[in-house]
Amino acid sequence: MIELREVSKSYEIDTVALDDVSLRIDDGEFVFLVGPSGSGKSTIIKLLTAELAPTSGSVFVNGYDLGKIRRRKIPMARRTMGIIFQDFRLIADKTVFDNVAFAMRAVGAREKAIQRRVPAVLELVGLEGKEDRYPRELSGGEQQRVAIARALVNRPQAIIADEPTGNLDPAMSLEIMYLLERINQLGTTVLVVTHERDLVNRFAKRVVAIVNGTIVSDQQDGIYEL
């Protein structure tokens, strides 16, 4: 479960990024967080990953109260989430297999578990047979699939996708969204942060709209109208 309770965030005295935002995403939901550039979407992501602390209010992620969590436990909270970025953030000199395995090695997984889990996740995202390729040998859509596999490999409770289709053409963007939908159907909570109206409107999902740091609508089976 992800929840913001009456959260405000100010960077400077005259710069309010979020203003009294309350939002709850239950386990297993698929939610689009939409809004124009500068609306506060990125600030919410940084709060959920404990990169930032709220000026006021409370942030809860998968059983962790990020306002009260000890610093040494922040990595444990972050492991309950898989983060997907617009720019993929793959390691150029590592193969597809090792890019995904890197996330498991970072949390101390045994090599036997890595050898079993990574191929299964690559098959899930449609990259079986490409384990030995390097990022430069892949299309943009394939690189994003590697990034999704990396986010999934440690079995997170939730996936947070920050503009996951921003560098992709419309056809590939749609494929990535269908993949995220399938991952959600398998039980993982999915939060997609985007400003792509046409893409959002192709899926009958919950749509939360934020403008100038304030949530202006929250609709089940919603439409992005901003």
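*Asks:* I would appreciate a short explanation of the nonpolar core in the present structure.
*Replies:* Note that soluble globular proteins tend to have their nonpolar side chains buried in a common cluster. Within the largest apolar cluster, 43 residues are counted, with the highest numbers of intra-cluster contacts made by Phe32, Val118, Ile148, Met177, Leu180 and Val192. When residues no more than four places from it in sequence are discounted, the contact partners of Ile148 are Ile84, Val125, Ile176, Leu179, Leu180 and Ile183. Membership of the second largest hydrophobic core comes to 27 residues, among which are Ile2, Ile25, Leu191 and Val193.

*Asks:* Sorry, what's going on with the sheet that holds strand E5 (residues 64-65) here?
*Replies:* The pairing of strands in a sheet happens through backbone hydrogen bonds and is either parallel or antiparallel. With antiparallel pairing, the four strands of this open sheet are ordered in space as E2-E1-E4-E5. Both edges of this open sheet fall to strand E2 (15-25) and E5, since each of them pairs with a single strand only. Where strand E4 (residues 56-61) meets E5, two bridges bridge the pair, whose relative direction is antiparallel. When the bridges of E5 are listed, Val61 appears paired with Tyr64.

*Asks:* Explanation requested: the side chain of Thr49 in the structure shown.
*Replies:* Inspection of the secondary structure puts Thr49 in the loop between helix H1 (41-48) and E4. A polar contact of 3.4 Å, which involves the side chain of Thr49, links it to the backbone oxygen of Lys46.

*Asks:* I would appreciate a short explanation of the sheet that holds strand E10 (residues 214-219) in the present structure.
*Replies:* Read across the open sheet, the six strands follow the order E6-E7-E8-E3-E9-E10; overall the sheet is mixed. Only two strands of the sheet have a single neighbouring strand rather than two, namely strand E6 (81-84) and E10. Strand-to-strand twist in this sheet, taken as the mean axis angle between neighbours without regard to direction, amounts to 15°. In the sheet, strand E3 (residues 30-34) pairs with strand E8 (residues 189-194) via five bridges, with the strands oriented parallel. Within E8, the position partnered with Phe30 by the bridge is Val190.

*Asks:* Help me understand the pattern of salt bridges, please; the structure alone is not making it clear to me.
*Replies:* Note that side chains of opposite charge can pair when their charged atoms are close. Scanning the model with the defined rule gives ten salt bridges in all. Here Glu3 ties to Arg5 by a salt bridge, and the two come within 3.2 Å at their closest N and O atoms. Relative accessible area serves as the criterion here: at 11%, Glu3 is assigned to the buried category. Owing to a relative accessible area of 41%, Arg5 belongs among the partly exposed residues under this scheme. Ionic pairing is found between Lys205 and Glu181, a salt bridge with its closest N-O pair at 3.1 Å. Pair noted here: Lys205 is in the loop between helix H7 (197-200) and strand E9 (206-211) and Glu181 is in helix H6 (residues 170-185), with a separation of 24 residues, a long-range link. By relative accessible area, which is 13% here, Lys205 ends up buried.

*Asks:* For this particular structure, what's the right way to read the side chain of Gln143?
*Replies:* Topologically, Gln143 is positioned in helix H5 (residues 140-152). On the accessibility criterion, Gln143 (18% relative accessible area) is buried. Residue contacts for Gln143: discarding those within four places in its chain leaves Phe88, Leu90, Pro135 and Leu138.

*Asks:* How should I be thinking about the packing of aromatic side chains in this particular structure?
*Replies:* Describing an aromatic ring pair means giving the distance of the ring centres and the angle of the ring planes. Applying the stated rule across the entire model yields three aromatic pairs. Pairing Phe32 with Phe203 gives two aromatic rings, centres 6.4 Å apart and planes at 55°, and the pair type is tilted. Taken together, the residues Phe32 in strand E3 and Phe203 in the loop between H7 and E9 connect sequence positions 171 residues apart. When its relative accessible area of 0% is taken as the criterion, Phe32 is described as buried. An aromatic cluster of three or more residues is present, and its members are Phe30, Phe32, Tyr178 and Phe203. The ring of Tyr134 carries the charged tip of Arg136 above its face, separated from the ring centre by 4.9 Å.

*Asks:* Could you clarify how one ought to interpret the pairing of E4 in this entry?
*Replies:* Regular strands place side chains that alternate from one sheet face to the opposite one. Sheet analysis places strand E1 (residues 2-12) next to E4, joined by five bridges and oriented antiparallel. When the sheet's bridge partners are listed, Glu3 is paired in E4 with Phe60. Remark: two residues form the turn of the hairpin made by E4 and E5, two consecutive strands paired antiparallel; Asn62 in that turn has positive phi of roughly 50°.

Calculation notes
- Residues numbered from 1 in each chain as written.
- Predicted model: local features only at pLDDT ≥ 70, side-chain atom pairs only at ≥ 80, totals over all residues.
- Heavy atoms only, no water.
- Core = buried A, V, L, I, M, F, W, Y, C linked by side-chain atoms within 4.5 Å.
- Buried < 20%, exposed > 50% of the residue type's maximum accessible area, 1.4 Å probe, protein only.
- Contact = heavy atoms within 4.5 Å.
- Pairing = 2+ DSSP bridges.
- Helix = DSSP H or I, 4+ residues; strand = E, 2+ residues; numbered from the N terminus.
- Polar contact = N/O pair within 3.5 Å; in protein donor to acceptor, adjacent residues only side chain to side chain.
- Axes fitted to C-alpha atoms, helices over the stretch in contact; angles between N-to-C directions.
- Salt bridge = Lys/Arg side-chain N within 4 Å of Asp/Glu carboxyl O.
- Phe/Tyr/Trp six-rings, centres within 6.5 Å; stacked < 30°, edge-to-face > 60°.
- Lys NZ or Arg CZ within 6 Å of the ring centre and 35° of its normal.

Everything listed here is a matter of coordinates, which is why it stays silent on function.
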